[in-house]
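# Fold and contact review
Read off the chains here:
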Amino acid sequence: MLHYRTLFFLMCGFYLIPTFAGGGPENLFLVVNRESWPSMTIANEYILLRKISTSHVLYLRQIGNLETIPVQMFREQILKPVLAAIQQRQLSEQIDTIVFSSDIPYSVDLSEDVKGEALQQYFQPSIASLTGVTYLADLVLEKKGYLDLDNNWYFCPVSASDLFQVSTAGVKLDVQPPRAFSRKLKWDPKGNITEDARGRQYYLCTILGVTIGRGNSVPEILNYLRRGVQSETSRPSGTIYYLDNEDVRAKTRRWGISEAIQKIQQLKVKAVQETGTIPQQKSDVLGAHIGISDFNWPASKSVILPGAICEHLTSFGGVLQENSGQTPLTEFLKNGASGASGTVVEPYAIQHKFPTPFIQYYYAAGSSLAEAFYQSVRGPYQLLIVGDPLCQPFASVPSITVDSLKPFQTIKESLSLLPKAKITTSETIESYEFFLDGVRQKTLKPEEPFTLDSTLFPEGYHELRIVAISTNSLKTQGNLLVPVIFDHSGTLIKISKLTKNTWTWNETLLLKISCEGSKTLTLFFQGEEIAQLKKSRGEIKVPLNSFGEGTISLQVQAQFEKGKISWSEPIVLKILPPWIDPEKLNPNDLQQGMSLVVDHGKPHILSDLEATSLQKANWQENKSFTLKMVYQTPQDEVYYLQCKPAVDLTLQLYPWKELISLKANQWNSVALPFKAGYHSFTVQGLCKGSPDFRFGGPGMKKLTSQFLSSLKETAPDNPKNPKKKPGK
């Protein structure tokens, strides 16, 4: 059995953290849908990859529709809780970036805000993106100005003229170098930092992935997130491709291509302009700037390198509802890109709503992915930006050492720390920042020692982070994370050793916990209380079915008299799917897809679950029904079922004996870990309304017989249509 500390190192790759321009994990706040398996699984991996502190993660429940949310509901159920949590956790002075995991509505209906207004054509229909309205949070809360085409004053100027004039009249360009972003900075309309109270402030924002509709599968999202981290500060060798053609989607941004290529080449990064739609037979795509509605990336035989930003100007790149037109942004991500964008509604060919050609220049100069996007979009309210906001392959970063500090060092009183940093470029270190458990404690100049007084904090485990900030214009950061133990009284929490390191989510974890003299022992998952003992010793049983997949950590807090508390070392474990073997079914059953039995009558074969089909199958209010779905999965993969029934239902999944409850009037999410082969499940309850069921792996789609039958078309035993794998 491995010790917790050894296991933590092996799973988390502790100590040194990838370094960043545009902030690091200390400046990021992650928002997760607690009731969604995809959202939890993606968040688990991102927390692991970026070493995100517990205090920087917020779990939301009962979000509602997973595609579009009304703007007032967005304010009350998402934006305000996020901003309140940042303030309550004393993070307001350090959070620059808000990032969402999947299964948060990626588009926002603005109808309530614009009701009765005579909008110009390019504002209709009034739909915004999740990332756009979060970036413009201050304006959205004020209910004014966030629909303007020039509302992003962090936008990096490219000329003294208006962007409309630049993009249509051939005005001479004066491209400014990229700048570091900070929530604390205020910007004026010309893109300058200002102290004026009228200056605007923003939050960088992306969504890590979208899994509904035309979104990506969870494995695809994990793949491109990992690839992005692997590319960090590597200055990869490749080519940024600008594609030009006579489509209006390409001509809209043609004005800046030549200058952008020149700027990139000055950085000793290769960039070229080619005639066409997408790069053909290129093995070194480090970025792609495209203007076309539809494309087939695999047919191009081009390879996207880790860390690449690929995006195309088209109407519906960010419209991810199933059966929508044009190629979605998720195709770039599926084939290996680390970041992509698209508008969530018809934007018209207006440059303000899309990245300028200089997005690739800012990125190649060392900006983070989020910084590169927002420096290049003048009016981002309709643009959905997907990917890791911290990704930055081209930054030069400092590395940090502290002679007087060792991992898991016990500190009884105070400790003086004097960090040292090395940087490969000509820049020097401007300052050091010191964080404890994710909260900034002090900012000091080089050669100023930091005194860590452990008596001011609870006993037990803590995470000390030291950040070195360079003097360059992007304020590039180097990060060091060191776990420490504060021991004032010798009273620490004891936890029994785990029987194994890897678990499946249908298992229950048993923990034996004790702490001498404590009143209560409380178990937390990422700051969320999940169990409590009102005594100094005992056992806690933890069902693992609500944490998603991947590596997670649990922590115990002991509370004593007079409010004194102590924290245990993390309990780290890896959760895997409990794979379900296929059933032995007649292949002809797959032609049925779905069958419905109402009031113990005859089975009816359904094409879909729309009202007309249900009526033909004798669907009657308050009658009992059994709905059976049969399908074939092409490979071992976790599928997921989401539904919002009008009454409570039960799900029976072969071969599991226990019934799964599906609650009325709320979204239910069930992960289905299927091995390749035939599978089925049944749903039972009372007829009421038209039940909304979504099912899928790569993209959640409404249940239809055609969709269920189509799953088998990419099965391994069908050589005419082999299963495609994510880009590598």
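Residues numbered from 1 in each chain as written. Predicted model: local features only at pLDDT ≥ 70, side-chain atom pairs only at ≥ 80, totals over all residues. Heavy atoms only, no water.

Okay, the sheet that holds strand S4 (residues 68–70) next. If you walk across this open sheet you meet the three strands as S4-S6-S7, and the pairing is mixed. With partners counted over all chains shown, the strands left at the sheet margins are S4 and strand S7 (127–129), one partner each. Mean inter-strand twist for the sheet, computed between neighbouring axes without regard to direction, equals 35°. By the bridge criterion, three bridges tie S4 to strand S6 (residues 107–109) in an arrangement that is parallel. Its bridge partner lying in S6, Thr68 is registered against Ser107. Of the strands in this sheet, S4 and S6 touch helix H3 (residues 71–88), which is tilted by about 90° from S4. (Pairing = 2+ DSSP bridges. Helix = DSSP H or I, 4+ residues; strand = E, 2+ residues; numbered from the N terminus. Axes fitted to C-alpha atoms, helices over the stretch in contact; angles between N-to-C directions. Contact = heavy atoms within 4.5 Å.)

The subject of this paragraph is the packing of helix H2 (residues 37–50) against helix H8 (residues 218–230). Contact geometry for H2 and H8: axes closest at 10 Å, N-to-C directions at 15°. It follows from the interaxial angle that H2 and H8 lie roughly parallel. Once H2 is placed against H8, the crossing between them reads as right-handed. Between H2, through Trp37, Pro38, Thr41, Ile42, Glu45, Tyr46, Leu49 and Arg50, and H8, the contact on the second element is made entirely by Val218, Ile221, Leu222, Leu225, Arg226 and Val229. (Parallel < 35°, antiparallel > 145°, perpendicular 65-115°, else oblique. Left-handed = near helix turned anticlockwise from the far one by under 90°.)

For Lys663, the location among the structural elements is in the loop between strand S40 (660–662) and strand S41 (668–674). A relative accessible area of 42% means that Lys663 is categorised as partly exposed. It is 45 Å that separates the C-alpha atoms of Lys663 and Val303, two residues lying 360 residues apart in sequence. Contact partners of Lys663, with chain neighbours within four places excluded, come to Pro645, Asp648 and Asn668. (Buried < 20%, exposed > 50% of the residue type's maximum accessible area, 1.4 Å probe, protein only.)

Take the layout of surface pockets next. Its boundaries defined by the atoms lining it, the second largest pocket holds a volume of some 930 Å³. Along the wall of the second largest pocket there are 38 residues; nearest its centre are Ser53, Thr54, Ser55, Asp437 and Gln555. Taken together, the elements giving at least two residues each to the lining of the second largest pocket come down to helix H1 (4–12), H2, strand S22 (439–444), strand S24 (459–470), strand S29 (520–525), strand S32 (550–559) and strand S33 (565–567). With six residues, S32 is the single largest residue contributor to the lining of the second largest pocket. Here the lining of the second largest pocket is built from residues that sort into 20 nonpolar, 13 polar and five charged. (1 Å grid on protein atoms, 1.4 Å probe; cavity = no way out; pocket = protein on both sides within 12 Å on 5 of 7 lines; lining within 4 Å. Points joined across faces, edges and corners; volume = space filled by probe spheres on them. Nonpolar A, V, L, I, M, F, W, Y, C, P; charged D, E, K, R; others polar.)

Bringing unusual backbone geometry into the picture now. Of note in the backbone geometry, Gln90 takes a positive phi value of approximately 60° without being a glycine. Along the chain, the position of Gln90 falls in the loop between H3 and strand S5 (97–100). Positive phi is not limited to glycine here, since Tyr348 has a value of about 65°. Looking at where Tyr348 falls in the secondary structure, it is placed in the loop between strand S15 (339–343) and helix H13 (359–364). Judged by relative accessible area, which is 31%, Tyr348 ranks as partly exposed.

A full pass over the atoms with the stated rule returns two cavities of 30 Å³ or more. As a volume, the largest cavity reaches approximately 50 Å³. As for the largest cavity, its lining consists of Trp619, Phe625, Pro645, Ala646, Val647, Leu649, Leu686, Lys688 and Pro691. Grouping the amino acids of the lining of the largest cavity by side-chain chemistry returns eight nonpolar, no polar and one charged. Approximately 30 Å³ is the volume found for the second largest cavity. What lines the second largest cavity is Leu66, Ser102, Asp103, Ile104, Tyr106, Ile207, Gly209, Val210, Thr211 and Ile212. Split by residue class, the lining of the second largest cavity holds six nonpolar, three polar and one charged.

We now examine the side chain of Ser338. By secondary structure assignment, the location of Ser338 is in the loop between helix H12 (330–334) and S15. For Ser338, a relative accessible area of 2% puts it in the buried group. A distance of 2.9 Å separates a polar atom in the side chain of Ser338 from the backbone nitrogen of Gly307. (Polar contact = N/O pair within 3.5 Å; in protein donor to acceptor, adjacent residues only side chain to side chain.)

Taking 1.5 Å per residue as the helical rise, H2 with its 14 residues ought to reach 20 Å, and the 20 Å between its terminal C-alpha atoms agrees with that figure. Between the side-chain oxygen at the start of H2 and the backbone nitrogen of Ser39 there is a gap of 3.1 Å, and the oxygen is on Ser36. Directly beyond the C-terminal end of H2, a positive phi value near 55° is found at Lys51. (Expected span 1.5 Å × (residues − 1).)

This part is about the environment of Asn472. Here Asn472 is to be found in the loop between S24 and strand S25 (477–486). A residue is classified by how much of its surface remains accessible, and Asn472, at 14% relative accessible area, is buried. Asn472 sits 152 residues away from Leu320 along the chain, and the two C-alpha atoms are 39 Å apart. A polar contact is formed between the side chain of Asn472 and the backbone nitrogen of Leu474, at a distance of 3.1 Å. Engagement of the side chain of Asn472 in a polar contact is seen with the side chain of Thr476, the distance being 3.0 Å.

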